[in-house]
Every structure is written in structure tokens, then in C-alpha cells.
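# Coordinate inspection notes
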Amino acid sequence: MRLFRAFRGEQSDRDRFYRILADDSARQVASYAPLAGATVLDVGGGPGYFSEAFSAAGATYLGLDRDRRELSARGTRDERMILASGTDLPVSTGSVDICFSSNVLEHVDRPWRMLAEMVRVTKRGGTVFVSFTPWWSPWGGHETSPWHFLGGHYARNRYLRRHGAEPKNRFGESLFPVGVGPALRWARNCEEVTLVHALPRYHPWWATWIVRIPLVREIASWNLALVLRKR
Ligand SMILES: C[S@@+](CC[C@H](N)C(=O)[O-])C[C@H]1O[C@@H](n2cnc3c(N)ncnc32)[C@H](O)[C@@H]1O
């Protein structure tokens with residue numbers, strides 16, 4: 001509820017929302033892998049919203065984003081952030097303890113390639129934590145929601161007509177339909193990882209069962225987190 005309330009004020013107080021989200025994410029990741037002394041790579045980290053939270057927990061943080069403007073969206077550029085794409089990570093194979101990505105996968109035209117890259121750069125025994133908003137989630141169309149339920153192109157065109165400008169997240173360009181079922185299948189079929197946990201990221205622990213029910217999970221998960229361990 002705290003996250004949800006902060007999210008509603010995201011546009012007016014972005015720093016507060018991202019601070020709460022970052023603290024929550026670091027706590028969530030720490031429940032699967034120790035952060036103290038770990039190397040964390042954050043794929044699609046924007047201006048570095050999560051760098052303080054991970055660093056405060058004792059991790060060595062490196063983030064990247066493919067959008068130059070995002071990197072300096074908080075004014076000054078965080079020196080722990082670099083310009084690069086999640087689908088071609090400029091990072092050695094098996095070099096990080098934790099590869100993390102929050103709310104990026106649905107913005108990538110080749111999401112499975114990005115997941116494969118995240119697995120590649122992670123050490124054996126290391127952890128991949130990736131979360132995204134599934135397409136059929138109530139927020140799947142981002143600012144064009146809920147009209148994405150009638151189709152991504154329809155929702156994008158409707159937004160353009162109503163607002164006289166394109167949405168920030170443009171279907172087919174910077175927003176793509178990624179489902180819970182396909183993501184779970186990818187994780188289960190990837191021979192290099194074990195699927196440790198799949199959970200609705202923002203829900204309380206007792207709602208984890210949602211992820212086991214096909215169709216329901218596409219809508220009700222809201223945001224899916226996958227925790228993978230590299231073999
Ligand atoms: C919704 S923001 C998420 C920012 C942050 N990770 C969070 O959870 O608040 C999506 C970010 O992903 C970045 N992004 C999109 N495609 C990417 C790619 N192929 N490689 C790296 N970053 C990408 C965007 O530039 C943007 O900063």
C-alpha cells in the first residue's frame with residue numbers, strides 16, 4: 001500500500017517514489033542473496049534510482065541504461081551509471097554476483113535476448129532478479145492503460161488523439177507485450193539457470209499463489225518478479 005500510494009504521486013514527487021521502490025527492491029533481493037560485498041549490475045537503471053539503496057546495503061553497484069537522457073534525469077549523472085543496452089551488455093561473462101533489472105523488460109524489443117545477456121554476465125551460483133509489468137496487467141499499457149486491453153496500437157492512437165502528443169511509452173517502439181506465461185517458460189527452459197521463485201512483486205507474500213494460475217496471473221500479478229540462480 002505504501003508503494004501504491006507513493007506511485008500515485010510519482011509524477012509530482014519522483015524522488016520519494018523511487019527511494020521507496022529502491023529500498024523495497026534491495027530488501028527483496030537481499031532475501032535471496034547477500035548484498036554485502038556483492039557486485040550488483042542494474043540493467044535499465046535510469047539515472048541510478050537504485051544505486052544508493054544497493055550501496056547502502058554494502059554492494060558494489062554498477063548500473064546501465066540505453067537512454068542518455070534517462071542517465072541525467074535527476075540533474076547530475078551518477079558516476080556508477082553507464083550508457084549501454086541490456087541486449088548487448090558490455091560486461092564479461094560470469095562477472096557479477098547479482099544481475100538486477102526492474103521494470104525494463106517490457107520496454108525492450110528483444111526481451112529474451114536481454115534475459116539471456118543477464119544470465120551470461122552472472123557468476124555461477126549468482127542471482128538474476130528481474131521484474132516487469134506483464135502486458136495484460138491493469139498497468140500493462142502504462143499511461144495508455146486500460147485501453148491496451150483493446151490493443152496496443154489502438155491505445156497509443158487514442159492517447160495521441162486525447163493528449164495531442166505521443167505517450168512516453170510507445171507501443172511497438174518502447175513498449176512491448178511480455179506475458180507471465182512466456183517469461184516463466186523462458187526461465188524453465190533456460191538450461192543455465194534454476195527458477196528459484198516467481199512472485200507478484202508488489203503483493204503481500206500470501207498472494208504468491210496467483211503466479212501458479214494461468215490467465216489469472218497475467219492480469220492479477222500486476223508486476224512479475226523472477227528470481228533465477230545461475231548453475
Ligand atoms: C520504466 S524505466 C525503469 C527504471 C528503473 N529500473 C525502475 O525500476 O524504476 C525503464 C528504463 O529502461 C531503460 N531501457 C529501455 N530499454 C533498454 C535497453 N535495451 N537497455 C537498457 N536500458 C533500457 C529506459 O531507458 C528506462 O530508463
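Residues numbered from 1 in each chain as written. Predicted model: local features only at pLDDT ≥ 70, side-chain atom pairs only at ≥ 80, totals over all residues.

- The name that an unreviewed UniProt entry assigns to the protein is Class I SAM-dependent methyltransferase, with the source organism given as Haloechinothrix aidingensis.

### Details of the overall build of the protein
- Regarding its fold elements, the protein presents eight helices and seven strands.
- A compact globule built from 231 residues would reach a C-alpha radius of gyration of about 17 Å, and the protein, at 17 Å, matches this within 12%.
- Taking the principal axes of its C-alpha atoms as reference, the protein extends roughly 50 × 45 × 35 Å.
- For the protein, with 231 residues in total, the buried portion stands at 40%. (Helix = DSSP H or I, 4+ residues; strand = E, 2+ residues; numbered from the N terminus. Rg over C-alpha atoms; globule rule 2.2 N^0.38 Å. Buried ≥ 20, exposed ≤ 12 C-beta atoms within 10 Å, placed from the backbone.)

### Here we look at the site of the ligand
- Looking at the ligand, there are 18 residues lining it, with Gly44, Arg66, Asp67, Gly86 and Ser102 nearest.
- Class assignment of the residues belonging to the shell around the ligand gives a composition of five nonpolar, nine polar and four charged. (Near = placed C-beta within 6 Å. Nonpolar A, V, L, I, M, F, W, Y, C, P; charged D, E, K, R; others polar.)

### Description of the environment of Gly86
- By the secondary structure assignment, Gly86 is in the loop between strand S3 (81-83) and strand S4 (96-102).
- Along the backbone, Gly86 and Leu215 are 129 residues apart, and their C-alpha atoms lie at a distance of 28 Å.
- The contact partners of Gly86, leaving out residues within four places of it in the chain, are Val43, Gly44, Ser101, Val104, Val108, Met114 and Glu117. (Contact = placed C-beta atoms within 7 Å.)

### Some thoughts on the domain arrangement of the protein
- Taken domain by domain, the protein consists of domain 1 (2-135 + 176-230) and domain 2 (137-173).
- Taken together, the nine residues of domain 1 in the interface contact six residues of domain 2.
- Class assignment of the residues belonging to the side of domain 1 that touches domain 2 gives a composition of five nonpolar, four polar and no charged. (Domains from an automatic or database assignment.)

### Description of the nonpolar core
- Counting residues in hydrophobic clusters, the biggest one holds 52 residues, and the most contacted among them are Val40, Ile98, Cys99, Met118 and Leu226.
- Among residues more than four places away in sequence, those in contact with Met118 are Val43, Cys99, Ser101, Val128 and Val130. (Core = buried A, V, L, I, M, F, W, Y, C linked by C-beta atoms within 7 Å.)

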